[in-house]
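# Summary of structural features
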Amino acid sequence: MKKIIMLLLISMTTLLASACSAGNESGSSFTDQIYKHYPQLKSQKMTTGQVKRVVDGDTFTLESGEKVRLIGVNTPETVKPDSPVEQYGKEASAFTKDELTGKKIYLFSDAGDTDKYGRLLRYVFIDGQTVMFNELLIREGYANVMTIQPNAMFADAFVKLEREARQQNKGLWGAEKKKGQNSDSSSGESVPSKPASTASCKNPDIKGNINSKNEKIYHMPGGASYDQTQAEEMFCTEKEAQSAGFRKAGK
C-alpha cells in the first residue's frame, strides 16, 4: 500500500511539474508576445519560414521557394521592368536586405492569401522582434501605405504611422523634401506624395483624406474641395471608398 501511495505521489508531482513547465513555455512564447501587441492576428493563419533572398523593399523569397509580398506597404521601385529606380528605392531595398536576409520569420495572413502573381500576402515578424516588419518600414519612412482590399486589417494604423513619418521627414519623406523632387517647377509649391491606392483600376481618381478630427472623407473629381485635398488613399469607385470606411464630402 505504501508503495502504491508513493507511486501516486511521484506521478502527481511529475504531472504538476510538466503542467507548470508547459504553462511557462506557452506564456513566454514569441507568438504570445505578438498576440499581446497585435490581438487581431490571433485568428489568422500563421506559418514560419526563413528568408533566402530579398527582391526589393517589400518583396522577398523564402527558402521554400515561395515569394512573399508584404501587406499594406509599398516601397519605391528598384526592379520594375522599363522603369528607373525610384527615389529612396535603393535605401528601402538595402534596409529590407539587412533586416531579413537569412532570418527566421513568422508570417500572418489577412483576408486574402495570395495576389494575382501567386505571391503570399503576409504580415511579417522577425524572430525575437515584436514590432511588425510591415509597420517598421512605414514608421521609418521606407514605405508609403498601399491598401488593397480585402487585406486591410491594419490600414488605419498604417495611415496614421505614415502621417507621423511624413511630419518627421523620415526616410523617403525627408529625401523628397531635401531634393525638391516633389515640387511644382512653376509655383515652387510642394506636391503631395504618391498616395495609397486600392489598385483595382489603373488611374484611381477619388481622393480619400483623413482630417484633423480623424474623420475619413472621400472627394469626387469636380467637387468643391477636390483640387485642394491631399489624398492619403485613392479609390476607383465610391463603393471602394465606402468599404474602406470613408464617407462622401459634404455629408
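For the structure, see preceding data.
Along each chain, numbering runs from 1 in the same order as the chain's sequence is written. Confidence filtering applies because this is a predicted model: local features only for residues at pLDDT of at least 70, side-chain atom pairs given and counted only at 80 or more, and all residues used for totals across whole chains, interfaces and linings. Just so you know, side-chain values use all the structure's heavy atoms and leave hydrogens and water out.

### Things to note about the overall build of the protein chain
Rules: Put simply, DSSP H or I for four residues or longer makes a helix, DSSP E for two residues or longer makes a strand, and each gets a number counted from the N terminus. For every residue, the accessible area obtained with a 1.4 Å probe (protein chains only) is divided by the maximum for its type, and the residue is called buried under 20%, exposed over 50%, and partly exposed between those limits. The Shrake-Rupley method, run with a 1.4 Å probe sphere, supplies the accessible areas, and residue values consider only the shown protein chains as cover.
Scanning the protein chain for helices and strands turns up 7 helices and 12 strands. Expressed as a percentage of the 251 residues in the protein chain, the buried residues total 42%. Total accessible area on the protein chain is roughly 14,400 Å²; 52% of this is exposed by carbon and sulfur atoms.

### A look at a positive patch on the surface
As a reminder of what qualifies: Nonpolar side chains (Val, Leu, Ile, Met, Phe, Trp, Tyr) within 5 Å and like charges within 9 Å form the patches, drawn only from residues with over 30% relative accessible area and no salt bridge. Salt bridge, as used here: a side-chain nitrogen of Lys or Arg that lies within 4 Å of a carboxyl oxygen of Asp or Glu. Asp and Glu count as negative and Lys and Arg as positive, but His and the ends of the chain are not part of the count. To locate a charge, take atom NZ for lysine, CZ for arginine, CG for aspartate or CD for glutamate.
On the surface, K52, R53, K67 and K97 cluster together into a positively charged patch. The topology assignment puts R53 in strand β1 (residues 46-56).

### Some thoughts on helix α5 (residues 155-167)
For the α-helix, the turn length of 3.6 residues means that residues three or four positions removed from each other point alike. To be explicit about the condition: What a helix is expected to span follows from its residue count: subtract one and scale by 1.5 Å.
Taking 1.5 Å per residue as the helical rise, α5 with its 13 residues ought to reach 18 Å, and the 18 Å between its terminal C-alpha atoms agrees with that figure. Backbone geometry just downstream of α5 places N169 in the positive-phi region, at approximately 55°.

### Looking at the pairing of strand β5 (residues 104-108)
The following threshold applies: Strands are labelled as partners when DSSP assigns at least two bridges between them.
With 4 of 5 residues buried, β5 lies mostly within the body of the structure. The pairing of β1 with β5 spans 5 bridges and is classified as antiparallel. The residue bridging G49 from the neighbouring strand is I105, located in β5. One ladder, built from 4 bridges, connects β5 with strand β6 (residues 120-126); its direction is antiparallel. Each bridged residue has a counterpart across the sheet, and for F108 the counterpart in β6 is Y123.

### Considerations on unusual backbone geometry
Cis geometry is adopted by the peptide bond preceding P150, which originates at Q149 and carries an omega value of 10°. Locating P150 in the fold gives a position in the loop between β7 (144-145) and α5. If you check the backbone angles, Y88 has positive phi at about 70° while not being a glycine. Following the sequence through the fold, Y88 ends up in the loop between β4 (73-74) and α3 (89-100). Given the relative accessible area of 18%, Y88 is considered buried. Residues other than glycine seldom take positive phi values, yet N169 does so here, at roughly 55°. Position of N169 relative to the elements: it lies in the loop between α5 and α6 (172-179).

### Section: helix α2 (residues 30-37)
So the rule is basically this: Note that the arc is defined by the directions from the helix axis to the C-beta atoms. Any two residues whose heavy atoms approach within 4.5 Å are treated as being in contact.
Among the residues making up α2, those that are buried are F30, T31, I34 and Y35. The buried residues of α2 occupy an angular sector of 140° when the element is viewed end-on, so they sit on one face. Turning to α2, the residues buried within the fold contact β1, β5 and β6.

### Topic: the sheet that holds strand β2 (residues 59-62)
The strands making up a sheet associate through backbone hydrogen bonding, with each pair oriented either parallel or antiparallel. Applicable threshold: Only the contacting stretch of a helix is used when fitting its axis, a line to C-alpha atoms as for every element, and angles between N-to-C directions run 0 to 180 degrees.
Ordered by their spatial adjacency, 5 strands build a closed barrel running β1-β2-β3-β6-β5, and the pairing between neighbours is mixed. When the angles between neighbouring strand axes are averaged without regard to direction, this sheet yields 60°. Bridge analysis of β1 against β2 gives 4 bridges, and the strand direction is antiparallel. Residue pairing across strands places V51 opposite L62, the latter belonging to β2. Where α2 meets the sheet, its contacts fall on β1, β5 and β6, and the angle it forms with β5 comes to roughly 45°. Sheet contacts for α3: β1, β2, β5 and β6; angle to β1, the most-contacted strand, approximately 135°.

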